[in-house]
Amino acid sequence: MKNNNQKSVCLYFQVHQPYRLSECSFFCDQIDDFFIGPKGYKNEDIFNKVADKCYLPATSLLLDLVKKYPDFKIAFSLSGVFLEQCEQYSKKGSKIIKLFQKLAKTGQVEFLAETYYHSLAFLYSKFEFAEQIKLHQKKIKKLFGITPKIFRNTELIYSNQIAEFIRQMGFKGMLAEGWDTHLKMKSPNHLRIAKKIFLEEKKFKIAEKYRIRKKIEEELPVLLKNYKLSDDIAFRFSNTSWNEHPLFIEKFAHWLTHAEGETINLFMDYETIGEHQWEETGIFDFFKALPKELKNNNIGFHTPSEAIKKLKPIDEYDVHNYLSWADSERDISAWAENDIQKSALEELLNMEKALNPYLKSRKPEIKKIIDNFRKMQTSDHLYYMCTKYWNDGDVHKYFSPYESPYEAYINFMNNLRLLKKNLEKNINLKNKKNA
C-alpha cells in the first residue's frame, strides 16, 4: 500500500433513532405494544419531528452535493431500528429510504455494519453480538444492495477484544474513537491497525461461524475519529460562548489544511444537521459549502474503505479497556457504571439465556418476543439510567424521555418483567401441547 499525498476527509454519520418503551407500572399486568413510547414522547411523533428537521432535508442536501461534486464521499451507519421506523412510519419514512437508496446508487456513499438493534451485546453475549451484526448486514443488503465490509460498533465502543472478534469475522476495517490516552500524543489523522490478541476458543468459534468471507486479512485497519474537529461541528457549532464562534467554513477549512496526517476522520450523529444544530444556526449552509471549500484547499474526500485501501497504517491501536465516543471519560460509564444500569444488564443477560433455546422458533408469538427483547437491548435505554452530573449529565437529560434515571430503570424493568411473563406463557403452552 502506498500513501496518498493528498489529505482527505472521511465524513461519517451515525443514523439512529431508538424505540422508546411504553409506560408500564408495577401493577401493569399486560401490555399490547411495548414500543409506543412514554407519555409526551411517542415514537412516531419524535420520528416525524426529526424527519422534518434532519432526515429529509439533510439527506436531500447531501444527495444534491454528491451529484454536484463527483469527488464528494460520505459514509453512513443506519441502525436496524431506525430503518424499521422508516418502514413503519411510511408517510415520511419511505421518502427517507428512497433518498438513501439514491445515495447508494451514486457509488460515492458507503454503508457500514453495526449491531442491528444498536446494542451493547458484546458486553453480555458474543453470540447475540454476532447475530445482530448478521441481521444488520442482511437488512442493508435488502434495502441498498450492498453488503457492508467495514464495522462500526454501537457508540464507537472499541477494545482489543472487540477488534479481534471483528477481525475473526472477516471485516476489512473498523471505526473507533481517537482518544488521547491511547494515541500517546500522536495525531488521530493516520490509519492504524488493531492490536492482535488471543481470542479464547469459544469466542473464536462464534466469530468463525459468522465469518463474512473465507479469506481473512492479516490485519484489521482502524480509522480513528478526530474528536476535536468533529465536536467543533457536532457540539460547539451553535455555542455562542465558544471563542471560535461563529464557525465559518473558511475557518474550518483552514484548520483542516494545517492538520497533520492523511485522513481527517469527522464522525458524528446525523441529527447534528438540523436537530442538534438547528437550521437557524447555519448548519445546512456550512455543509453545503464544505465540498467546494475543501476542494479549493486541495483537500479531498474518501470513504472508510477507500482510506483503508490507499493508506499505510503507521502503528497499532492498543486499547485494553472499553473505549467509546460518549461523555468526558470516553468509556462505557454512560451505560454500565451505576447499580441500576448493572442490574438492567444482568437481567438482559438472564433473558438472553432464557430465550436462547427458542431463537430458531417459527412461532409468531416467540419471534415477536425475541424482537421485543432485542429492541430492549438498544443502548439508549441504559443511557437514560445514567446518574452523572454536570455537563455529561445535562446531555443525558437532553435525550431522555424520563424525569429521572430511576424512573427510566423502573419502567425498563416493568416492561422486561411482562416480556418474561409472555415468554413463560408461550413456553408453558408449548409444553402442554407436547405433553
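Presented here is an overview of the structure given in this document. Note that the coordinates shown come from a computational prediction; the quantities given were computed from them, not determined experimentally.

A look at the pattern of salt bridges
Then, in step 1: Following the criterion strictly, the structure yields 24 salt bridges and no others.
Then, in step 2: Close ionic contact of Lys225 with Asp231 constitutes a salt bridge, the shortest N to O distance being 3.5 Å.
Then, in step 3: By relative accessible area, which is 8% here, Asp231 ends up buried.
Then, in step 4: Within the structure, one salt-bridge network assembled from shared partners comprises Glu177, Lys225, Asp231 and Arg330.

A look at the packing of aromatic side chains
Then, in step 1: This model, assessed by the stated rule, comprises 33 aromatic pairs.
Then, in step 2: Seen from their ring centres, Trp179 and Tyr227 are 5.1 Å apart, and the 55° between their planes marks the pair as tilted. Placement of the pair is Trp179 in the loop between β5 (173-177) and α6 (180-183) and Tyr227 in helix α8 (residues 227-234), with a sequence separation of 48 residues. Accessibility classification places Trp179 together with Tyr227 in one group, the buried group.
Then, in step 3: Centroid distance Phe252 to Trp255: 6.3 Å. Interplanar angle 65°. Geometry classified as edge-to-face. Pair noted here: Phe252 and Trp255 are both in helix α9 (residues 249-257), with a separation of 3 residues, about one helical turn.
Then, in step 4: Positioned above the aromatic ring of Trp325, the side-chain terminus of Arg152 is 4.7 Å from the ring centre.
Then, in step 5: One residue, Arg236, lies across the ring of Trp242, its end atom 5.9 Å from the ring centre.

Observations regarding the nonpolar core
Then, in step 1: Among the nonpolar cores identified, the biggest contains 149 residues, and Phe76, Phe100, Tyr270 and Phe287 are the most heavily contacted of them.
Then, in step 2: With 13 residues, helix α1 (residues 43-68) is the single largest residue contributor to this core.
Then, in step 3: Residues contacting Tyr270, with those up to four places away along its chain left out, are Phe13, Gln14, Val15, Cys54, Tyr55, Ala58, Thr59, Leu62, Phe76 and Phe100.

Quick look at unusual backbone geometry
Then, in step 1: Looking along the chain, the bond that leaves His245 and enters Pro246 is cis, with omega of 0°.
Then, in step 2: Tracing the backbone through its elements, the reader meets Pro246 in the loop between α8 and α9.
Then, in step 3: One non-glycine residue, Lys184, lies in the positive phi region at around 55°.
Then, in step 4: Within the secondary structure, Lys184 sits in the loop between α6 and β6 (192-194).
Then, in step 5: Take Lys184: its relative accessible area is 66%, and that puts it in the exposed class.
Then, in step 6: Despite not being glycine, Met185 has its phi angle at roughly 70°, a positive value.

Concerning the pairing of strand β2 (residues 74-78)
Then, in step 1: The element β2 is extensively covered by neighbouring structure, given that 5 of its 5 residues are classed as buried.
Then, in step 2: Burial of β2 is two-sided: the residues Ile74, Phe76 and Leu78 facing one way and the residues Ala75 and Ser77 facing the other way are all buried.
Then, in step 3: Sheet topology places strand β1 (residues 8-15) next to β2; 4 bridges connect them, and they run parallel. Note on β2: the bridge partner recorded for Val15 is Leu78.
Then, in step 4: Each parallel crossover has a hand, and for β1 linked through α1 to β2 it is right-handed.
Then, in step 5: Across 3 bridges, β2 lies against strand β3 (residues 109-111) in parallel orientation. Along β3, the bridge assignment pairs Ile74 with Val109.

Brief notes about the sheet that holds strand β4 (residues 150-151)
Then, in step 1: Taken in spatial order, the 5 strands line up as β4-β5-β7-β6-β10 in an open sheet, and their pairing is mixed. Edge strands, defined here as strands with exactly one partner in the open sheet, are β4 and β10 (315-317).
Then, in step 2: For β6 and β10, the ladder comprises 3 bridges, and the chain directions are parallel. Paired with Arg192 across the strands is Asp315, a residue of β10.

So, helix α5 (residues 160-169)
Then, in step 1: Counting buried residues along α5, 9 of its 10 residues qualify, which places the element largely inside the surrounding structure.
Then, in step 2: Among the residues of α5, those classed as buried are Asn160, Ile162, Ala163, Glu164, Phe165, Ile166, Arg167, Gln168 and Met169.
Then, in step 3: If you follow the buried residues of α5, they end up packed against α4 (126-144), β4, β5, β6, α7 (201-209) and β10.
Then, in step 4: With its phi angle positive at about 95°, Gly170 sits one or two positions after the end of α5.

Considerations on the pairing of strand β7 (residues 221-225)
Then, in step 1: In terms of burial, β7 is a largely internal element, 5 of the 5 residues being buried.
Then, in step 2: Both faces of β7 are covered, namely the face carrying Pro221, Leu223 and Lys225 and the face carrying Val222 and Leu224.
Then, in step 3: Relative to β7, β5 runs parallel, the two being bridged by 4 bridges. Residue pairing for β7: Leu175 is matched across the bridge by Leu223.

The rules behind these values
- Residues numbered from 1 in each chain as written.
- Predicted model: local features only at pLDDT ≥ 70, side-chain atom pairs only at ≥ 80, totals over all residues.
- Heavy atoms only, no water.
- Salt bridge = Lys/Arg side-chain N within 4 Å of Asp/Glu carboxyl O.
- Buried < 20%, exposed > 50% of the residue type's maximum accessible area, 1.4 Å probe, protein only.
- Phe/Tyr/Trp six-rings, centres within 6.5 Å; stacked < 30°, edge-to-face > 60°.
- Helix = DSSP H or I, 4+ residues; strand = E, 2+ residues; numbered from the N terminus.
- Lys NZ or Arg CZ within 6 Å of the ring centre and 35° of its normal.
- Core = buried A, V, L, I, M, F, W, Y, C linked by side-chain atoms within 4.5 Å.
- Contact = heavy atoms within 4.5 Å.
- Pairing = 2+ DSSP bridges.
- Right-handed = clockwise from strand over helix to strand, strands pointing away.

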